[in-house]
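Here is what each chain is made of, one letter per residue.
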Amino acid sequence: PSMASLGGHTRFGTRTTIAAPSRRRHAPASLARPIRRPTSRSSRVARPGPDPRGLCVSRPAAAARDDGTPAAAQDDGPDVVFEFDDFDDDETWDVIEDFDEDELYELNASRSDADADDTYFDSYSHLGIHREMIGDAARTGAYLDAIEAHRPQIEGKVVLDVGCGTGILSMFAARCGARKVYAVDASGITRHTRQLVKDNGFDGIIEVIKGKMEDVDIPEKVDVIVSEWMGYALLFESMLPSVVDARDRFLAPGGLVLPNEAAVKVALLSDEDRWDGAVTFWEDVYGLDFSSLIPRAKRDWHADPPVQTVPAEKLASEPVDAVEPVDCVRTPLDDLYEPIAGDVRMVATRTCDVHGLALWFDVDFYGKVKLSTGPEAAATHWYQTVLMFDEPVAMAAGDALCGTIELEPGSNPGERRTLNVYFNYDVVEGGKEEEELVEPDDREQFQRWTVQ
């Protein structure tokens, strides 16, 4: 249960020097394994106690304070947040302090994020999603081609596979002659990955590590990082920071990141059938007026945009980059937690009603292989993300829809893997150019969607 469900909120304190030993088994020293990082909320642990409204400290810790133990001795070692199984069942606690509002918010936020991560990683524990991804011939074939195209950089070298899943990319790298491959994944699929690695004769080359990439340490630098990290509209799921974190900690100078560049593409969408099916449908339902449901239908496609195949003939403009392409080799980690924005100008290729935008992505492997998820490319399991407008926009051939698109990682607790999309825009008549840079807030129209 959450702390809120206990009718109050409790905070506990302890130190690594007095805590009961963990019951977890540790991996052999020769293997790379997850590491526990110090936390900023030192020696305070959320755990149901005798009075669920305060900060509690274990009685051994309190005794250490009372007997005049030097502060340096009390603070010896890193402060960590423990899980429930780190404590003996018979250890007792005394309440010494209440939470303040900021600390309570931080605690609940961290719990929401942890729960969301658990749900996310659990979804990749099931075989069905891996069957879908591996069966995506465009996706898997592009990675196979890219790895084989970089055989000279892989042969005899060390490779890190971030989010390895079943380990298929790791096995591609091993088959290309990699000396060592570290295959990291936080989901339960790793129990099958180890068997697959053994079944294919790579157990002497591929080491499978279960854990979040940010919490994993490996004993050497790597020459190549490979990862299939992309989500819907590229940035949904927010997995790229894990890849960049691994890059910053483990990639040797001059090493490769596969793919090395990713671009979000956007185009005008004219889809009368889609509009009629979602909106006009409610105006006459077997002779009854259900039009009061139309606002709800529109809210739904903003709160959870459809991810579906968009026929190429439904596009009403040439695609453009929604934002500056992401350089996976050089982009700073901190930038990935900030919104990114780009100015766009999409010119209508025909006279039509524009009902929204189609969003997809392309990734590049150092110019040797390219994977596109657009409507004119081979179908993939990413499809396209459909961003419908509240009302159609009438455009003549040559008119331009000009504006600013902003992609923002989710910031609310428990929603950090979502993607917010904001669009401020105007329609400019054909043949005309905007005389000066227009700030987003000065645009006439605004739309927002949350990809989740």
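Because the structure is a prediction, the values reported are computed rather than measured. The residue numbers shown here count from 1 along each chain, following its written sequence. Side-chain atom pairs in this predicted model are given and counted only at pLDDT of 80 or more, local residue features only at pLDDT of at least 70, and totals for whole chains, interfaces and linings cover all residues. Heavy atoms throughout the structure, all of them, feed into the side-chain values; hydrogens and water do not.

As for the overall build of the protein chain
Strands are runs of DSSP state E lasting at least 2 residues, helices are runs of H or I lasting at least 4, and numbering of each runs from the N terminus. When helices and strands are counted, the protein chain shows 11 helices and 20 strands. Three labels apply to residues, based on accessible area from a 1.4 Å probe with only protein chains included: buried if under 20% of the type maximum, exposed if over 50%, partly exposed otherwise in between. The 452 residues of the protein chain split such that 48% are buried. Throughout, a contact is declared for two residues whenever any of their heavy atoms are within 4.5 Å. Pairs at least 24 residues apart make up 80% of the contacts formed inside the protein chain by residues separated by at least 6 positions. Counting every atom, the protein chain has about 22200 Å² of accessible surface; 50% of that belongs to carbon and sulfur. With residues, only the protein chains shown are counted as cover, and all accessible areas are computed by Shrake-Rupley using a 1.4 Å probe.

Structural notes on the packing of helix α5 (residues 137-149) against helix α7 (residues 168-175)
For helices, the fitted axis covers only the stretch in contact; all axes are lines through C-alpha atoms, and the angles between them, taken along N-to-C directions, range from 0 to 180 degrees. Running from N to C, α5 and α7 point in directions that differ by 30 degrees, and their axes come no closer than 9 Å. Taken together, the axes of α5 and α7 are roughly parallel relative to one another. Remark: the crossing between α5 and α7 carries right-handed chirality. Across from Thr140, Tyr143, Leu144, Ile147 and Glu148 in α5, the residues of α7 making contact are Ile168, Leu169, Phe172, Ala173 and Arg175. What sets the label is the angle itself: under 35 degrees gives roughly parallel, over 145 gives roughly antiparallel, 65 to 115 gives roughly perpendicular, and the rest give oblique. Should the near helix be turned anticlockwise from the far one by less than a right angle, the crossing is termed left-handed; should it be turned clockwise, right-handed.

Topic: the sheet that holds strand β8 (residues 222-226)
Criterion used throughout: strands pair if DSSP finds at least two bridges between them. Taken in spatial order, the 5 strands line up as β7-β6-β5-β8-β9 in an open sheet, and their pairing is parallel. Among the strands making up the open sheet, the edge pair consists of β7 (206-210) and β9 (251-258). Geometrically, the sheet is characterised by an average inter-axis angle of 20 degrees between neighbouring strands, direction not taken into account. In this structure, β8 lies alongside β9, joined through 4 bridges in parallel fashion. Bridging across to β9, Ile225 finds its partner in Val257. Strands in contact with α7 are β5 (158-162), β6 (180-185), β7 and β8; relative to β6, the strand with the most contacts, it is inclined by about 175 degrees.

With respect to the side chain of Arg247
In this structure, Arg247 sits in helix α9 (residues 240-250). When neighbours within four sequence positions are excluded, Arg247 is seen to be in contact with Ile225, Val257, Asp327, Cys328, Val329, Arg330, Thr331, Pro332 and Leu333.

Looking at α9
Burial runs high along α9: 9 of the 11 residues are buried. Taken together, the buried positions of α9 are Leu240, Pro241, Ser242, Val243, Val244, Asp245, Ala246, Arg247 and Phe250. Here the buried face of α9 lies against β5, β8, β9 and β13 (326-327).

Topic: the side chain of His302
Tracing the backbone shows His302 in helix α11 (residues 294-303). Ignoring any residue separated from it by four or fewer positions in sequence, one finds His302 in contact with Met388, Asp390, Gln447, Arg448, Trp449 and Thr450.

Side note on the sheet that holds strand β14 (residues 340-347)
The 4 strands lie next to each other as β14-β18-β19-β20, forming an open sheet whose pairing is antiparallel. Only two strands of the sheet have a single neighbouring strand rather than two, namely β14 and β20 (445-451). Going across the sheet, the axis of each strand differs from the next one's by a mean of 20 degrees, ignoring polarity. Bridge count for strand β19 (residues 419-428) against β20 is 7 bridges, and the pairing is antiparallel. Paired with Phe423 across the bridge in β20 is Gln447.

Some remarks on the confidence of the model for the protein chain
Values of pLDDT, the confidence the predictor places in each residue, fall between 0 and 100. Per-residue pLDDT for the protein chain has a mean of 80; in total, 71% of the residues score no lower than 70. This stretch, residues 1-87, has a pLDDT under 50; its non-local contacts, to residues over four places away or in other chains, come to 175 contacts.

Considerations on the pattern of salt bridges
Salt bridges, as used here, are contacts in which a Lys or Arg side-chain nitrogen is within 4 Å of a carboxyl oxygen on Asp or Glu. All chains considered together, the criterion is met by 15 salt bridges. When the shortest N-O distance is used, the salt bridge between Lys314 and Asp273 registers 3.7 Å. Taken together, the positions of Lys314 in the loop between β11 (307-308) and β12 (320-321) and Asp273 in helix α10 (residues 272-278) put the pair 41 residues apart, joining distant regions of the chain. Among the salt bridges present, the one from Lys370 reaches Asp362, with a minimum N-O distance of 3.9 Å. The class of Lys370 is exposed, set by a relative accessible area of 56%. Among the charged side chains, a salt-bridge network with shared partners connects Asp271, Asp273, Arg274 and Lys314.

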